[in-house]
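Here's the letter readout for the chains.
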Amino acid sequence: MNFRNYKVPYAHDDRYAKKVAYFSMEFAIHQPLKIYSGGLGFLSGSHLRSAYELRQNLVGIGILWKYGYYDQVRNQDQTLQVTWMEKHYSFLEDTGIKFQISIHDHPVWVKVFCLNPETFKSAPLFLLSTDLPENDYVSQTITHRLYDANVATKVAQFILLGVGGAKLMDELGFNPDVYHLNEAHGISSAFYLYRKFGNNIQEVKKRLVFTTHTPEEAGNEKHDIYLCNKMSYFCGLSVDEVRTLTGITDDQFNHSLAALRFARIANGVSQLHGVVSRHMWEKYTDICPILSITNAQNWRYWADKQLYKFMEEGNDKMFDDRKEYLKRRAFEIVADQTGKLFDPNVFTIVWARRFAGYKRADLITRDQQRFRALLENKNFPVQIIWAGKPYPMDYPAINDFNHLVHLSKQHKNMAVLIGYELSLSKRMKQAADLWLNNPRVPREASGTSGMTASMNGAANFSTDDGWIPEFVNHGNNGFVIPKADYANMNTHEQDEYDLEMLYKILEQQVLPLYYSNKETWRQVVKNGMRDVRYQFESNRMAHEYYEMLYNAAY
């Protein structure tokens, strides 16, 4: 394929004619391509799949991580061990494009690979690598590990995505009408474009849009402005010029704040997150408008088509048989990893996603007495599975994971799995009768795991955060812990309230419904499947990005 004067290699739909370059640090497109860590990647992967299905004129720009995020294995006592292994991909195409960017006033060679749209049915994805013999070892390590713990390496990764991605568009001759930053990691592209368009900030603004995923200020990436300058982040601009351009007066370069000032329009990733974001940034001047476009997941990739077929036919016997088969198949993985035999006829709760403190993986275990009673209940038997990857340097989260591993040794109906990537994620959703999600409100910008859980015949049970307020109608298509006056509670009080309500709803409503009223339970699951397909399918989302962001007047 010719990668000069590049065009998306399929006829685009006229509704989506604008040329878009979509920048993201991670993409979860399919299990073999391990360049993602969690929800941000799951989102961008579904977005590229829907862009392909809708024939949108969009290309993705990411980084080819040599070691991926990390490989999650076990120590001898079954606790978590972090390993990094080289990844090789025969299905990526070498574009033949190589160019240099400046990092730390030093030329760094960038090589470009392409994921062909037909390989995994996604929009074209260009992946940048510095792992070349022409580069010194330090430059090669820029694309070794996703979210490297070393600060200078991380800043270099941001420069590669932003400046490297924008320069790639010039190398390809693609000339995007819109540069879309999925999170602020790629905001260095704005400085490249500023220089490209003769230091005309309006030329940058009319092309730049931004998606924020962070519901609290502390979560926004900030780095020392002098370090960024020393690393060539600002494409030759002085610190004073950067301050004038961005309005940042202190010594911390706030990537999200810069993005909100450079973009013509931005969005939060759920209705609630849009409200939270507007409130969070209202004290700053010159912020672009922040809309809401709720995250979604790709139905064609994630959904169990047989379950949907039997639901549409009204064939309850085959619907139940199919769900039982999905559970039985997933339990083979549980048996293989943990030596525990789970029963497909027993109510199964799954908590599986990235391990992070605010997501409270261990919440249900904190009342030890009630947790033991739940697992030993003979009338309403229960099985629980955990899975997920903590950030490799997040020691509290790793500690939570290991605590659950040790606890699971006391119970034959509790399991903790490793290797939570796309394939295991889908199997866990198929294993679940109840998909448990209990982040501390309002810390979850959206969350997407529950969407794909519903697509595989699991009912959602969640705190009222992220996308959940737009979806769950309690007792009709899922279950939700009603909001308390969280703003006037400390963390301990909030956790105590949520834990109490979690058990109350589980013991008094969910379990009796599953075991004593199977007809109604099945209907709750089906309602969730139906509602998620129409509201939280990523074709809706990809369409809204064009309608509300890319085509928005400036």
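Report on the accompanying structure. The model shown is predicted, which means the values in this text are computed figures rather than measured ones.

### Details of the overall build of the chain
(1) Moving on: Secondary structure summary: the chain contains 21 helices and 19 strands in total.
(2) Moving on: Taking 2.2 N^0.38 as the reference for a compact globule, 554 residues should give roughly 24 Å; the C-alpha atoms of the chain span a radius of gyration of 24 Å, in line with that estimate.
(3) Moving on: For the chain, the C-alpha atoms occupy an extent of roughly 70 × 50 × 45 Å along the three principal directions.
(4) Moving on: Within the structure as shown, the chain displays about 20,700 Å² of accessible surface, and the carbon and sulfur contribution to it stands at 49%.
(5) Moving on: Across the chain, 63 positive and 63 negative side-chain charges occur, with their mean positions spaced 4 Å apart.

### Some details on the pairing of strand E8 (residues 178-182)
(1) Moving on: Summarising burial for E8: five of the five residues are buried, a large majority.
(2) Moving on: Summarising the sheet, strand E1 (residues 20-23) and E8 pair through four bridges and their orientation is parallel. Across the sheet, the residue bridging to Tyr 22 is His 180, located in E8.
(3) Moving on: Sheet analysis places E8 next to strand E9 (residues 208-211), joined by four bridges and oriented parallel. Within E9, the position partnered with Leu 181 by the bridge is Phe 210.

### Topic: the pairing of strand E14 (residues 347-352)
(1) Moving on: Burial analysis of E14 places six of its six residues in the buried class, the great majority of the element.
(2) Moving on: Side chains Phe 347, Ile 349 and Trp 351 project from E14 onto one buried face, and the interleaved Thr 348, Val 350 and Ala 352 project onto a second face that is buried too.
(3) Moving on: Of the strand pairs in this sheet, E14 and strand E15 (residues 382-387) are connected by six bridges, and their pairing is parallel. The partner of Ile 349 across the bridge, within E15, is Ile 384.
(4) Moving on: Running through helix H14 (residues 368-375), the crossover from E14 to the neighbouring parallel element E15 is right-handed.
(5) Moving on: One ladder, built from two bridges, connects E14 with strand E17 (residues 434-437); its direction is parallel. From the neighbouring strand, Ile 349 faces E17, where its bridge partner is Leu 434.

### So, unusual backbone geometry
(1) Moving on: Here the residue pair Val 441 and Pro 442 is connected by a cis peptide bond, since its omega of 0° sits within 30 degrees of zero.
(2) Moving on: Inspection of the secondary structure puts Pro 442 in the loop between E17 and helix H17 (449-454).
(3) Moving on: Of note, Asp 105 is a non-glycine position whose phi angle comes to about 55°, a positive value.
(4) Moving on: Checked against the element boundaries, Asp 105 lands in the loop between strand E5 (93-103) and strand E6 (106-115).
(5) Moving on: Take Asp 105: its relative accessible area is 69%, and that puts it in the exposed class.
(6) Moving on: Unlike most non-glycine residues, Asn 175 shows phi in positive territory, near 50°.
(7) Moving on: On the secondary structure map, Asn 175 appears in the loop between helix H4 (151-172) and E8.

### Structural notes on the packing of helix H19 (residues 491-516) against helix H20 (residues 518-535)
(1) Moving on: Two elements in contact, H19 and H20, have axes whose closest approach is 6 Å; the angle formed by their N-to-C orientations is 115°. It follows that H19 is roughly perpendicular to H20 by the angle criterion. Of the two elements, H19 crosses H20, and the hand of that crossing is left-handed. Between H19 and H20, the residues in contact are Val 510, Leu 513, Tyr 514 and Ser 516 and Lys 518, Thr 520, Trp 521 and Val 524, respectively.
(2) Moving on: Tallied by class, the residues present in the contact of H19 with H20 amount to five nonpolar, two polar and one charged.

### Side note on the sheet that holds E6
(1) Moving on: Taken in spatial order, the nine strands line up as E5-E6-E7-E2-E1-E8-E9-E12-E13 in an open sheet, and their pairing is mixed. The open sheet has two edge strands with one neighbour each: E5 and strand E13 (290-292). The mean inter-strand angle of the sheet, taken between neighbouring strand axes irrespective of direction, is 25°.
(2) Moving on: Of the strand pairs in this sheet, E5 and E6 are connected by eight bridges, and their pairing is antiparallel.

### Some points on the packing of aromatic side chains
In this description, a pair of aromatic rings is defined by centroid distance and the angle of the planes.
(1) Moving on: Here the structure, examined in full by the defined rule, presents 39 aromatic pairs.
(2) Moving on: Relative to Phe 234, the ring of Tyr 233 has its centre 5.4 Å away and its plane inclined at 70°; by these criteria the two rings are edge-to-face. Exposure class is identical for Tyr 233 and Phe 234. Each is buried.
(3) Moving on: Note on Phe 471 and Phe 536: the rings are 5.7 Å apart at their centroids and 90° apart in plane angle, and the pair reads as edge-to-face. Placement of Phe 471 in helix H18 (residues 468-471) and of Phe 536 in the loop between H20 and helix H21 (538-550) is noted, with a sequence separation of 65 residues between them. Taken individually, Phe 471 and Phe 536 each receive the classification buried, so the pair is uniform in this respect.
(4) Moving on: A connected cluster of aromatic rings, assembled from ring pairs, spans Phe 347, Phe 380, Phe 479, Tyr 514, Tyr 515 and Trp 521.
(5) Moving on: Of note, Arg 145 hangs over the ring of Trp 84, and the distance from its end group to the ring centre comes to 3.6 Å.
(6) Moving on: When the ring centre of Tyr 308 is taken as origin, the NZ or CZ atom of Arg 533, which lies over that ring, is 5.7 Å away.

What counts and how
- Residues numbered from 1 in each chain as written.
- Predicted model: local features only at pLDDT ≥ 70, side-chain atom pairs only at ≥ 80, totals over all residues.
- Heavy atoms only, no water.
- Helix = DSSP H or I, 4+ residues; strand = E, 2+ residues; numbered from the N terminus.
- Rg over C-alpha atoms; globule rule 2.2 N^0.38 Å.
- Areas by Shrake-Rupley, 256 points an atom, 1.4 Å probe, with all protein chains shown as cover.
- Lys, Arg positive; Asp, Glu negative; His and termini not counted.
- Charge placed at Lys NZ, Arg CZ, Asp CG, Glu CD.
- Buried < 20%, exposed > 50% of the residue type's maximum accessible area, 1.4 Å probe, protein only.
- Pairing = 2+ DSSP bridges.
- Right-handed = clockwise from strand over helix to strand, strands pointing away.
- Axes fitted to C-alpha atoms, helices over the stretch in contact; angles between N-to-C directions.
- Parallel < 35°, antiparallel > 145°, perpendicular 65-115°, else oblique.
- Left-handed = near helix turned anticlockwise from the far one by under 90°.
- Contact = heavy atoms within 4.5 Å.
- Nonpolar A, V, L, I, M, F, W, Y, C, P; charged D, E, K, R; others polar.
- Phe/Tyr/Trp six-rings, centres within 6.5 Å; stacked < 30°, edge-to-face > 60°.
- Lys NZ or Arg CZ within 6 Å of the ring centre and 35° of its normal.

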